Amino acid sequence: MPCISRRAFFAGAVTLMGALSRPYKIQAQTAKTRLILLGTGGGPRPRKASSASAQVIIRNNTAYVIDCGNGVARQLVLADVPLPTLRHIFITHDHSDHTADYGNLIWLAWTAGMGTRVDTWGPPPLAKMTRLFFEMNAQDINTRIADEGRVPLVPLVHVHELREGGLVLRDDQITVRAALVDHPPVRPAFAYRFDAEDRSIVISGDTARSDHLVTLAEGADVLVHSAVYLPALDRLVARVPNAAALKRSIIAGQTSAEDAGRVAQAAGVKTLVLSHLVPADDPGVTDQMWIDAARIHFRGPVIVGKDLLEV
Ligand SMILES: [Zn+2]
């Protein structure tokens with residue numbers, strides 16, 4: 001990520017979090033397992049302020065991408081993550097702000113030189129989405145294989161549909177577990193936990209306040225939790241014709257910043273990162289307001305997610 005914006009963030013963090021920002025900064029510089037927030041806005045509507053949901057965990061030059069909101073390939077490039085290092089994709093649930101560029105990420109990483117296996121994990125209909133995506137784009141894929149000498153793309157991709165929580169993957173450097181979370185009416189919806197030698201990271205996906213998530217996140221170093229700032233919700237939905245239904249859906253399926261703090265405290269995580277922010281671009285909701293809401297119940301450091309921020 002650009003040094004200037006990172007420095008600017010930490011300058012802001014010092015103001016916002018006082019002494020709490022210091023140990024966090026040291027941790028980010030020394031950890032071998034890296035977490036970069038690629039997209040931190042909630043909802044599929046393209047915005048200037050932030051990109052849609054995506055995160056990447058990097059260990060030993062291997063990229064584990066969690067969620068593929070619109071622009072994820074471009075965000076990886078902006079974060080200086082080489083696209084050919086893509087190895088695993090985890091989808092939390094089938095909502096377009098988490099899946100819009102699922103196929104595009106694989107396809108575009110391949111055009112950037114990726115020629116090795118990619119495993120993808122997530123709820124049904126992930127296998128059908130993958131198959132139809134490649135069918136839809138077969139003309140380009142086949143042209144590039146014949147014309148540019150690329151390896152066949154389809155055999156590189158291995159899809160694993162998840163229906164229940166539990167162990168997802170254990171490789172030589174990371175263990176991934178999933179838990180079912182509560183994001184009606186989308187079922188199943190998953191949170192994922194990544195345990196490496198040096199740190200543990202949990203990505204909540206979208207969920208209402210979830211006891212399963214508390215269990216999954218127990219003792220984790222970092223919990224990235226989706227968050228709604230409830231006092232601003234009426235302003236957000238007032239912009240759209242389906243205001244009543246949208247408000248009902250957000251309240252039923254998301255977690256307030258205050259409750260995200262409750263979950264973080266109950267799980268005993270070290271650092272809480274608020275992301276998938278709803279509203280994503282309301283200038284009336286400041287970072288300090290997000291932090292204050294979460295810190296009603298959580299006593300550790302709270303980070304307000306920014307695109308391309310490394311945590
Ligand atoms: Zn969702």
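Below is a short write-up of the structure.

So, how was this worked out
Residues numbered from 1 in each chain as written. Predicted model: local features only at pLDDT ≥ 70, side-chain atom pairs only at ≥ 80, totals over all residues. Heavy atoms only, no water. Helix = DSSP H or I, 4+ residues; strand = E, 2+ residues; numbered from the N terminus. Rg over C-alpha atoms; globule rule 2.2 N^0.38 Å. Buried < 20%, exposed > 50% of the residue type's maximum accessible area, 1.4 Å probe, protein only. Contact = heavy atoms within 4.5 Å. Areas by Shrake-Rupley, 256 points an atom, 1.4 Å probe, with all protein chains shown as cover. Lys, Arg positive; Asp, Glu negative; His and termini not counted. Charge placed at Lys NZ, Arg CZ, Asp CG, Glu CD. Axes fitted to C-alpha atoms, helices over the stretch in contact; angles between N-to-C directions. Parallel < 35°, antiparallel > 145°, perpendicular 65-115°, else oblique. Left-handed = near helix turned anticlockwise from the far one by under 90°. Nonpolar A, V, L, I, M, F, W, Y, C, P; charged D, E, K, R; others polar. Donors = N, O, S within 2.8 Å, 3.2 Å for Na, K, Ca; no water. Tetrahedral: all angles 85-135°; square planar, octahedral: opposite > 155°, others 65-115°. Salt bridge = Lys/Arg side-chain N within 4 Å of Asp/Glu carboxyl O. Core = buried A, V, L, I, M, F, W, Y, C linked by side-chain atoms within 4.5 Å. Pairing = 2+ DSSP bridges. 1 Å grid on protein atoms, 1.4 Å probe; cavity = no way out; pocket = protein on both sides within 12 Å on 5 of 7 lines; lining within 4 Å. Points joined across faces, edges and corners; volume = space filled by probe spheres on them.

1. So, the overall build of the chain
Part 1 of the argument: Within the chain, the regular secondary structure consists of 12 helices and 13 strands.
Part 2 of the argument: Against the 2.2 N^0.38 benchmark of 19 Å for 311 residues, the chain shows a C-alpha radius of gyration of 19 Å, consistent with a compact globule.
Part 3 of the argument: The principal-axis extent of the C-alpha atoms belonging to the chain is close to 60 × 45 × 35 Å.
Part 4 of the argument: Relative to its 311 residues, the chain shows a buried fraction of 54%.
Part 5 of the argument: Long-range pairs, those at least 24 residues apart, make up 67% of the contacts in the chain with a sequence separation of at least 6.
Part 6 of the argument: For the chain, the accessible surface area stands at approximately 13,500 Å², while carbon and sulfur atoms represent 54% of it.
Part 7 of the argument: Charged side chains of the chain number 33 positive and 31 negative; the gap between the two group centres comes to 4 Å.

2. Some points on the packing of helix 11 (residues 257–267) against helix 12 (residues 287–294)
Part 1 of the argument: Between helix 11 and helix 12, the shortest axis-to-axis distance is 7 Å and the interhelical angle comes to 45 degrees. Relative to helix 12, helix 11 is oriented oblique. Here helix 11 runs over helix 12; the crossing is right-handed. When helix 11 is examined against helix 12, the residues Ala257, Glu258 and Gly261 are found in contact with a partner set consisting of Trp290, Ala293 and Ala294.
Part 2 of the argument: Looking at the contact of helix 11 with helix 12 residue by residue, the class counts come to 4 nonpolar, 1 polar and 1 charged.

3. Side note on the coordination of the zinc ion
Part 1 of the argument: Taken together, His93 (NE2), His95 (ND1), His183 (NE2) and Asp206 (OD) make up the full set of protein donors to the zinc ion, lying 2.2 to 2.3 Å away.
Part 2 of the argument: With 4 donor atoms in place around the zinc ion and angles of 91 to 159 degrees between them, the coordination shape is irregular.

4. Description of the pattern of salt bridges
Part 1 of the argument: A complete count under the given rule lists 20 salt bridges for this structure.
Part 2 of the argument: For Asp259, the salt bridge is made with Arg209, and the minimal N-O distance between the two is 3.6 Å. Residue Asp259 is located in helix 11, and its partner Arg209 is located in the loop between strand 10 (200–203) and helix 8 (211–216); the two are separated by 50 residues in the primary sequence.
Part 3 of the argument: Among the residues examined, Arg209 registers a relative accessible area of 48% and is labelled partly exposed.
Part 4 of the argument: Three or more residues joined by partner-sharing salt bridges are found here, namely Asp140, Arg144, Glu148 and Arg150.

5. Regarding the nonpolar core
Part 1 of the argument: The biggest cluster of nonpolar side chains holds 33 residues, and the ones touching the most others in it are Leu38, Val56, Leu76, Ile89, Leu105 and Leu153.
Part 2 of the argument: For this core, the secondary structure elements donating two or more residues are strand 1 (34–39), strand 2 (54–59), strand 3 (62–66), helix 3 (72–78), strand 4 (86–90), helix 5 (102–111) and helix 6 (126–136).
Part 3 of the argument: In terms of residues, this core owes the most to one element, helix 5, which gives 6 residues.
Part 4 of the argument: Setting aside anything within four residues of it in sequence, one finds Leu38 in contact with Ser51, Ala54, Gln55, Val56, Val72, Gln75, Leu76, Ala79, Asp307 and Leu308.
Part 5 of the argument: Counting 31 residues, the second-largest nonpolar core is a separate cluster that includes Leu216, Leu223, Ala257 and Ala260.

6. Quick notes on the pairing of strand 10
Part 1 of the argument: Here strand 10 shows a buried face lined by Ser200 and Val202 and a second buried face lined by Ile201 and Ile203.
Part 2 of the argument: Of the pairings in the sheet, the one linking strand 9 (residues 189–195) to strand 10 comprises 4 bridges and is antiparallel in character. Along strand 10, the bridge assignment pairs Arg193 with Val202.
Part 3 of the argument: As consecutive antiparallel partners, strand 9 and strand 10 are separated by 4 residues.
Part 4 of the argument: By the bridge criterion, 3 bridges tie strand 10 to strand 11 (residues 222–228) in an arrangement that is parallel. Bridged to Ile201 within strand 11 is Val222.

7. Re empty space enclosed by the protein
Part 1 of the argument: If you walk through the whole model with that rule in mind, you get 1 cavity of 30 Å³ or more.
Part 2 of the argument: Its boundaries defined by the atoms lining it, the largest cavity holds a volume of some 80 Å³.
Part 3 of the argument: If you go around the largest cavity, you meet 14 residues; those closest to its centre are Ser53, Gln55, Ile203, Gly205 and His276.
Part 4 of the argument: In terms of residues, the lining of the largest cavity owes the most to one element, strand 11, which gives 3 residues.
Part 5 of the argument: Here the lining of the largest cavity is built from residues that sort into 2 nonpolar, 10 polar and 2 charged.

8. Notes on the sheet that holds strand 12 (residues 271–278)
Part 1 of the argument: Read from one edge of the open sheet, 7 strands run 7-8-9-10-11-12-13, paired in mixed fashion. Each edge of the sheet is formed by a strand with only one pairing partner; in this case those strands are strand 7 (166–170) and strand 13 (302–304). Across this sheet, the average inter-strand angle for adjacent strands is 25 degrees, counted without regard to direction.

9. Observations regarding unusual backbone geometry
Part 1 of the argument: The omega torsion of the bond from Pro124 to Pro125 falls at 5 degrees, within 30 degrees of zero and hence cis.
Part 2 of the argument: Looking at the secondary structure, you find Pro125 in the loop between strand 5 (118–122) and helix 6.
Part 3 of the argument: Following Val278, the chain continues into Pro279 via a peptide bond in cis, with omega recorded as 0 degrees.
Part 4 of the argument: Look at Asn61: it is not a glycine, yet its phi comes out positive at around 65 degrees.

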